[in-house]
Amino acid sequence: TAPVDPYQGGVPYYLLIVGSPDRSSFEFQALLKMQWAVGRLYFDDLEDYGRYAQAVVAYESAAFQPVQRKSAAVWVTRNSGDLATAMLSGAICQDFLASSNQLGSRVQFNLDAFPNEKATKAQLIEILRGNLPGGPPAVFFTGSHGCDYSGSDPDRQRRMQGSLVTQEWIPKTPASDANQFSADDVPSDARLQGSVGFLFACYSGGCPASNSYSFNKDGSPIPIAPSPMISRLPQALLSHGALAVIAHVDMAFPYAFQDVNGTPQVQAVRTPLELLMRGNRTGFAADSLSRMWSSLSAQRDLAFAASNAANAANAANGPAQNTSAPNQLAQFTIARDDARNYIVLGDPATKLRIADLK
């Protein structure tokens, strides 16, 4: 299909879905963002719509002076003995904190970084309060595990799904209030008005009703929640003044910071942050993740063709088996769907007032 031309077609490029995913599905949102920059706004508390709208309107008024500094904050866990966070921290921190190309340095942004043992629950609270050497950050990135709760306790799942697992967590032990950061932990004095967050974690943006990657033996879906939901943590950040939050629906895989061969590709995560720090609108910044989805879809099609060719060769040549093509097809399928599941929560047309940041 042709690119959108809002001047000729009359449909704005930046679209905001207002409503829950059981009314306007995640799949519908994904299809829209193939051509438009799409965000979603949904709150459990009706009053939060007003709080969010008032905060955005105030921020965009000429008389408003942002409290944020020209600064970014990075908070990335590395839980002892945990391979997933070791991979995440190793890739993200090596790239973001590199002295030769530190995140934000090209646009004169300061960076406050809290990797590994510094990624505590208390430190994340201080980031949201703006109590940092560089002052309240205009952009903040979190990288961690996200909590997954059983749908057998829907009230708890609704409250805690997608909460961030902090550095205090010990692998193979249950998560608790002491080592996870939920919506209830966003401080009342958070200084978020005019900031944009990127939460890299499972379920940090939302949760589907059924598992996207595993199925019952008969091919039927495996339910994981009574209904699809927007996670409460980004709702809380938005209701406290954040302009927008980029987050993930469903399980998050490492394909945003490494390719299917394990080669680092941190630019997929870095690009949205850099675009935000250049004053681009949130939806435009997040569109780089949609482009990654399109690229992986094409690569997956090629892998599918290779898999079919391998199957045909196996059938013709007898017992010799070549499993590399089917395995690559599975990896590309997961990587494709993983890229699709990044979403913008909040107005995708919002942007940082770069010229007014001190």
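For the structure, see preceding data.
Residues numbered from 1 in each chain as written. Predicted model: local features only at pLDDT ≥ 70, side-chain atom pairs only at ≥ 80, totals over all residues. Heavy atoms only, no water.

**A short note on the overall build of the protein**
Helix and strand content of the protein: 10 helices and 14 strands. Within the protein, the proportion of its 358 residues that are buried is 53%. Within the protein, contacts between residues separated by at least 24 positions form 74% of all contacts whose residues are at least 6 apart in sequence. (Helix = DSSP H or I, 4+ residues; strand = E, 2+ residues; numbered from the N terminus. Buried < 20%, exposed > 50% of the residue type's maximum accessible area, 1.4 Å probe, protein only. Contact = heavy atoms within 4.5 Å.)

**Regarding the pattern of salt bridges**
Summed over all chains, the structure comprises 13 salt bridges. The shortest N-O distance in the salt bridge between Arg-51 and Asp-48 comes to 2.5 Å. Placement of the pair is Arg-51 and Asp-48 together in helix H3 (residues 47-60), with a separation of 3 residues, close to one helical turn. Judged by its relative accessible area of 40%, Arg-51 is partly exposed. Residue Asp-184 pairs with Arg-159 through a salt bridge whose shortest N-O separation is 3.0 Å. Taken as a pair, Asp-184 in the loop between strand S7 (180-181) and strand S8 (196-200) and Arg-159 in helix H6 (residues 154-160) lie far apart in primary sequence, 25 residues in all. Each member of the salt-bridge network shares a partner with another, and the members are Asp-45, Asp-48 and Arg-51. (Salt bridge = Lys/Arg side-chain N within 4 Å of Asp/Glu carboxyl O.)

**A word on helix H7 (residues 232-239)**
Most of H7 sits out of view: 7 of its 8 residues are buried. Restricting attention to buried positions, one finds in H7 the residues Leu-233, Pro-234, Gln-235, Ala-236, Leu-237, Leu-238 and Ser-239. Trailing H7 by a residue or two, Gly-241 shows a phi angle of about 115°, which is positive.

**Re unusual backbone geometry**
With phi around 60°, Gln-108 is a residue other than glycine that occupies positive phi space. Looking at Gln-108, the relative accessible area reads 57%, which means it is exposed. Phi at Tyr-203 is positive, roughly 60°, even though this residue is not glycine. Relative to the elements of secondary structure, Tyr-203 occurs in the loop between S8 and strand S9 (206-207).

**Focus on the side chain of Asn-79**
Structurally, the position occupied by Asn-79 is in the loop between strand S3 (69-76) and helix H4 (83-96). Filtering out sequence-adjacent residues up to four positions away, Asn-79 remains in contact with Thr-85, His-145, Thr-166, Gln-167, Trp-169 and Pro-171.

**Concerning the sheet that holds strand S1 (residues 14-18)**
Within the open sheet, the 8 strands sit side by side as S1-S2-S14-S13-S8-S5-S3-S4. Their pairing is mixed. Pairing within the sheet leaves two strands with one partner each, and these edge strands are S1 and strand S4 (110-115). If you compare each strand with its neighbour and ignore which way they point, the axes differ by 20° on average. Where strand S13 (residues 244-248) meets strand S14 (residues 342-346), 5 bridges bridge the pair, whose relative direction is antiparallel. The residue bridging Ile-246 from the neighbouring strand is Val-344, located in S14. (Pairing = 2+ DSSP bridges. Axes fitted to C-alpha atoms, helices over the stretch in contact; angles between N-to-C directions.)

Interpretation in functional terms is not warranted from these geometric data alone.
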